[in-house]
Amino acid sequence: MRNKIISILFCLLLAAGVASHLLTADKYYSESEKRTLAQFPAISWESIRSGKFGDDIENYLADQFPSRNGWVTIKTVAERLSGKKESGGVYFAEDGYLIEIHKTFPVKQTVANIGAVKQLQDAIATRGITLRLMLAPTAGNILSEKLPVYAPNADQQEIIEYAKKQCLNVVDVTDVLNEHNVEYLFYKTDHHWTSLGAYYAYAAWIEAKGEVIDPITAWTKEQLCDNFRGTTYAKVNYPFAPFDVIDAYYKTEAHKVDYNSGNYVTDSIYERKYLNGSDQYAAFFNSNQATTVVSGEGAGKLLILKDSYANCFAQFCIDDYEETHMIDMRFFRGSVQKYIEENGVTEVLVLYNVPNFTSDTGITRCAK
Amino acid sequence: MVFSSLTFLLLFLPAVLLVYFAVPRQGKNAVLFIFSLIFYAWGEPIYVVLMLFSTVLDYTCGRLVEKYRGTSKQKIGLILSICTNLGLLFFFKYTDFFIGTVNGIFGTAIPQLNLPLPIGISFYTFQTMSYTIDVYRGDAKMQRNIISFGAYVSLFPQLIAGPIVRYQDIAEQLDERTHSFDKFGDGVKRFVTGLGKKVLLANNIGLLWSTISETSAAELTAIGAWLGIIAFGFQIYFDFSGYSDMAIGLGKMFGFEFLENFNYPYISKSVTEFWRRWHMSLGTWFRDYVYIPLGGNRKGLTLQIRNIAVVWLLTGFWHGASWNFVLWGVFYGLLLVCEKLFLLKWLKKAPSFVGHIYAMLTVLLGWVLFAFDDFGQGFAFLKVMFGGGAGFVNSDAMYQLLSYLPLIAVCMIASTPLMKKLYEKMTVKCGEGVLLTADTVRVLGLSALSVAYLISGSYNPFLYFRF
């Protein structure tokens, strides 16, 4: 009798698995994982013969499994219970912090990227334009005390020191971030720094330029949301993870913003429509765009070559310039030098977080 | 296809169960045969031809043996079968190895074939050979139905990772087997347990081994190396015995009773005992078809030692076409001879923990030989284990130790019959309700967790591609 129930239970489980797969519609994109999902593969003799079809089917089943996030949660909780201090490339650090794991950095790409930035720095120096490089250390370094004991963690400062040795004009923000590391500098569930973290980096940059730093109270602080769970959360779907608060800082909110040369023009750097979705950090400068131009009341034209760390950083500098340009090398296909010339750029800042800088293959193109 | 995949669990298994139980008894072997071919073809469709060839050939050889029984030609079928099967195995698995070795010794440049190894070829050639030998010896009757014979050769539950089912053990079940909820339920429990062993224990502890084996010997510490080889030992045990559990469980669902393949090898107190508990179907195969035909232990000590040597050279070689597997086999052959000559007597007198520590140390050293194809790497790893690396311990090793200690403890408990005994005690003492709850929790819990790990795209290697 007992085995009869178990037999039926098992058959029902199999049937439920099949049925739920058949009945739920396939999705194209996973918002929480920020990637396109595998679709039912095309059948061809060649793909069957090579075994590719089999692999594709397996990926399709895994990606389209009903309530995929819930299953990831089960795995994460099981790993936590089994004493693991990491899951899916994320450390479970103190105070609920979920911190990206970086055990090593790709040396070849780092060297290539540094070389490219140096080339650009030298090329525009002849025209009297100063380039500064800011490599932002991430939570793994600034909050290393919160990491699990003995956790392997690559030293990001080595990359920054290497850049300095290559005669790059480096703005080192490690010390100022370390000084304030008891404050809310990094999101607990996302790999970005907070607006406050970005402010301290901005202050270090202003100081390096020998200019006067406004206290943070000079900006109006507005809470954009208090239910943010970002990229590191998405990797683990850990139900006991905290929620983060996203703050905006502005002197005046109205700024003309032009994305991708007139593709989309708006009057605020904050795209509040993202605040209702799961990718709230994208509210800063409309996620990642190839080019962005913000008008301000200041003088001079700043160009930031950047990753998404610059998106909340730029809140603080847009009022200092007549125009602030931002280029995301992952999407920009033109020549940076030509862009500088054509737009009359007077100052350049290269701003990346260290792990991104060491792995982004688009940066090498900036020398062109 | 492998069992620990969503393709198997969500597509193949429901389909084969549905069709198998829908057709009448006469059609069931045909269903198994066809589905087994699909199962096999999933990764490399070409090699299905090889399997069909093997099926037809051995079927014919069986008939030849029967036809010429008692005449001077009675050995034709037997010899043809053994030569073809060993020929296939040799051609696909060992040709490149020998070309490499010849090139290495004579400095020649004979090109290698670079053929992918047909999955499970070491298992099914051994099974088909056992058929002809069993028929020749009169241990089993000739199979008249080629579909039933095909079902035996290709039977998907044990096709790619064993157990190696001797024809004589399954001959009657092929033609006449019963299906019942009792058997099916037992099969479900066994299958789910195997799935959990593979996905939850082997894959996870395997991550530790893969991290450590990728660390260069110069950066590895003694603690790290020991931790690594212990992890490897658990990985291969839970992976392999998990596959066998899944095979035995699936067999039961389809009405078959396969023999056990593992019997808690890590509780052994000598190497002799270890090999009575580890991959038992391979040991039985070599005993029945090599060791005993060579004379076994009946022709004096010298010949017995020769026979042990032959069996262990072959056992090592069976595990992969590489010298490290040969060395691994020789290592065990030597230990077994020593135990036979004097060591077992000594161990019997010593307290039992001595035997246990001795057995586990030798098994772990054996795994080092097994794990590294490259002698240089293997010996560098051994050196690190005994203090020749980056010291005793470093923070990486501490992190790994702290992270994996609970899992290692679970693996240790799961390597002993403790849970099994507990369950047996429960069956005696508890009521049906409690037992049903326990079974339900076991089936639901293990399958849900396994599926969660499979979906989250964790590390899920197939270890037997060299066998």
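Parameters at a glance
Residues numbered from 1 in each chain as written. Chains lettered and ligands numbered in written order. Predicted model: local features only at pLDDT ≥ 70, side-chain atom pairs only at ≥ 80, totals over all residues. Helix = DSSP H or I, 4+ residues; strand = E, 2+ residues; numbered from the N terminus. Rg over C-alpha atoms; globule rule 2.2 N^0.38 Å. Buried ≥ 20, exposed ≤ 12 C-beta atoms within 10 Å, placed from the backbone. Contact = placed C-beta atoms within 7 Å. Domains from an automatic or database assignment. Nonpolar A, V, L, I, M, F, W, Y, C, P; charged D, E, K, R; others polar. Pairing = 2+ DSSP bridges. Axes fitted to C-alpha atoms, helices over the stretch in contact; angles between N-to-C directions. Core = buried A, V, L, I, M, F, W, Y, C linked by C-beta atoms within 7 Å. Parallel < 35°, antiparallel > 145°, perpendicular 65-115°, else oblique. Left-handed = near helix turned anticlockwise from the far one by under 90°. Expected span 1.5 Å × (residues − 1). Arc of directions from axis to C-beta. pLDDT = per-residue confidence, 0-100.

1. As for the overall build of chain B
On a plain count of helices and strands, chain B comes out with 19 helices and 0 strands. Compactness check: chain B gives a C-alpha radius of gyration of 23 Å against a globular reference of 23 Å for 467 residues, within 12% of the reference. Its C-alpha atoms give chain B principal-axis dimensions of about 65 × 65 × 50 Å. Across the 467 residues in chain B, those meeting the buried criterion constitute 46%. For chain B, contacts bridging at least 24 residues in sequence account for 74% of all contacts bridging at least 6.

2. A closer look at the overall build of chain A
Regarding its fold elements, chain A presents 13 helices and 14 strands. Once the C-alpha set of chain A is aligned to its principal axes, its extents read approximately 85 × 50 × 40 Å. Buried positions account for 39% of the 368 residues belonging to chain A. For chain A, the proportion of contacts with a sequence separation of at least 24, taken over those separated by at least 6, is 68%.

3. Considerations on the domain arrangement of chain A
Residue and element names in this part refer to chain A. Structurally, chain A comprises domain 1 (21-66) and domain 2 (96-367). One C-alpha centre belongs to domain 1, the other to domain 2, and the line joining them spans 35 Å. Counting residues at the interface gives 4 residues for domain 1 and 4 residues for domain 2. Residue classes in the side of domain 1 that touches domain 2 are distributed as no nonpolar, 1 polar and 3 charged.

4. As for the sheet that holds strand E9 (residues 257-259) of chain A
All names here are of chain A. A sheet is described by the order of its strands in space; here 7 strands give the open sequence E6-E14-E12-E13-E11-E9-E10, paired in mixed fashion. A strand with exactly one partner marks an edge of an open sheet, and here the two such strands are strand E6 (130-136) and strand E10 (264-266). Shown here is a sheet whose adjacent strand axes are inclined to one another by a mean of 15 degrees, direction ignored. Examined bridge by bridge, strand E12 (residues 301-306) and strand E13 (residues 323-327) share 5 bridges and lie parallel to one another. Following the sheet pairing, Ile 304 is matched in E13 by Met 326. In the packing of helix H5 (residues 107-125) onto the sheet, the strands contacted are E6 and strand E14 (347-353), and the crossing angle to E6 comes to about 155 degrees.

5. Description of the domain arrangement of chain B
Residue and element names in this part refer to chain B. Looking at the assigned domains, one finds that chain B contains domain 1 (6-177) and domain 2 (182-455). A C-alpha centroid distance of 26 Å is found between domain 1 and domain 2. Contacts between domain 1 and domain 2 engage 22 residues on the former and 21 residues on the latter. Elements supplying a minimum of two residues to the side of domain 1 that touches domain 2: helix H1 (6-22), helix H4 (76-106), helix H5 (121-137), helix H7 (156-159) and helix H8 (167-175). Ranked by the residues each element gives to the side of domain 1 that touches domain 2, the list is headed by H5, at 4 residues. Residues that form the side of domain 1 that touches domain 2 fall into these classes: 13 nonpolar, 5 polar and 4 charged.

6. A word on the environment of Leu301(B)
Positionally, Leu301(B) belongs in helix H13 (residues 301-318). The spacing of Leu301(B) and Ser352(B) is 51 residues in sequence and 28 Å in space, taken between C-alpha atoms.

7. A short note on the interface of chain A and chain B
Between chain A and chain B, the residue contacts involve 37 residues of the former and 43 residues of the latter. With 14 residues, helix H1 (residues 2-23) of chain A is the single largest residue contributor to the side of chain A that touches chain B. Grouping the constituent residues of the side of chain A that touches chain B by class yields 21 nonpolar, 8 polar and 8 charged.

8. Some details on the nonpolar core
Nonpolar side chains in soluble globular proteins tend to be buried together. Tyr152(B), Leu159(B), Val188(B), Leu201(B), Ile205(B), Ala231(B) and Phe234(B) are the most contacted members of the largest nonpolar core, which totals 137 residues. Sequence-distant contacts of Ile205(B), that is, excluding residues within four places in its chain, are made with Ala231(B), Phe234(B), Gln235(B), Leu407(B) and Cys411(B). Tyr200(A), Tyr309(A), Ile318(A) and Ile340(A) belong to the second-largest nonpolar core, a separate cluster that totals 86 residues.

9. What to know about the packing of helix H3 (residues 48-67) of chain B against H4(B)
Residues and elements named next belong to chain B. At a minimum axis separation of 7 Å, H3 and H4 run at an interaxial angle of 160 degrees. The orientation of H3 with respect to H4, classified from their angle, is roughly antiparallel. In this structure, H3 meets H4 at a crossing whose hand is left-handed. In this structure, H3 uses Ser 54, Leu 57, Asp 58, Cys 61, Gly 62, Leu 64 and Val 65 to contact H4, whose residues at the interface are Ile 76, Gly 77, Leu 78, Leu 80, Ser 81, Thr 84 and Leu 88.

10. A look at the packing of helix H14 (residues 323-349) of chain B against helix H15 (residues 352-371) of chain B
Residues and elements named next belong to chain B. One way to put it is that H14 packs onto H15 with a least axis distance of 9 Å and a crossing angle of 165 degrees. With respect to H15, the axis of H14 lies roughly antiparallel. Judged by the twist between their axes, the crossing of H14 over H15 is right-handed. In contact with Asn 324, Phe 325, Leu 327, Trp 328, Phe 331, Tyr 332, Leu 335 and Leu 347 of H14, H15 contributes Val 354, Gly 355, Tyr 358, Thr 362, Gly 366, Leu 369 and Phe 370.

11. Structural notes on unusual backbone geometry
Residue and element names in this part refer to chain A. The phi torsion at Asn 237 lies on the positive side, around 50 degrees, for a residue other than glycine. Structurally, the position occupied by Asn 237 is in the loop between helix H10 (231-236) and strand E8 (244-250). Assessed through the 23 C-beta atoms surrounding it within 10 Å, Asn 237 is described here as buried. Phi is positive for Ser 261, close to 50 degrees, though the residue is something other than glycine. For Ser 261, a count of 10 C-beta atoms within 10 Å corresponds to the exposed category.

12. Describing H5(A)
Each full turn of the α-helix corresponds to 3.6 residues, which orients residues three or four apart in the same direction. Residue and element names in this part refer to chain A. Helix length check: H5, at 19 residues, gives a terminal C-alpha distance of 27 Å against a target of 27 Å (1.5 Å per residue), a fit within 8%. Every buried residue of H5 is accounted for by Asn 113, Ile 114, Ala 116, Val 117, Leu 120, Gln 121 and Ile 124. Projected down its long axis, H5 carries its buried residues within an arc of 160 degrees, all on one side. Turned more than 90 degrees away from the buried face of H5, the exposed residues are Val 107, Lys 108, Asp 122 and Ala 125. If you follow the buried residues of H5, they end up packed against E6, helix H7 (156-165), helix H12 (336-343), E14 and helix H13 (354-359).

13. Observations regarding the sheet that holds strand E4 (residues 90-92) of chain A
Here we have 3 strands laid out as an open sheet, ordered E3-E4-E5 (chain A), and antiparallel in their pairing. Of all strands in the sheet, those bounded by a partner on one side alone are strand E3 (86-87) and strand E5 (98-100) of chain A.

14. Some details on the environment of Tyr453(B)
Inspection of the secondary structure assignment puts Tyr453(B) in helix H19 (residues 432-455). Distance in space between the C-alpha atoms of Tyr453(B) and Asn204(B) is 9.6 Å, their sequence separation being 249 residues.

15. Focus: the pairing of strand E11 (residues 291-295) of chain A
Residue and element names in this part refer to chain A. Side chains Thr 292 and Val 294 project from E11 onto a buried face, and the interleaved Thr 291, Val 293 and Ser 295 project onto a face without burial. The pairing of E9 with E11 spans 3 bridges and is antiparallel. In the strand pairing of E11, Val 257 is matched with Val 294.

16. Notes on H1(A)
The end-to-end C-alpha distance of H1(A), which contains 22 residues, comes to 31 Å, matching closely the 32 Å that a straight helix rising 1.5 Å per residue would cover. Those residues of H1(A) lying buried are Ile6(A), Ser7(A), Phe10(A) and Gly17(A). Buried residues of H1(A), viewed axially, fall in a sector of 110 degrees; they line one side. When the buried face of H1(A) is taken as reference, the exposed residues oriented beyond 90 degrees from it are Leu12(A), Ala16(A), Leu22(A) and Leu23(A). Contacts made by the buried residues of H1(A) are with H1, helix H9 (181-213) and H19 of chain B.

17. As for the confidence of the model for chain A
The predicted model of chain A has a mean per-residue pLDDT of 92, with 100% of residues at 70 or higher. When mean pLDDT is taken per element in chain A, E8(A) scores highest with 97 and strand E2 (residues 35-36) of chain A scores lowest with 78.

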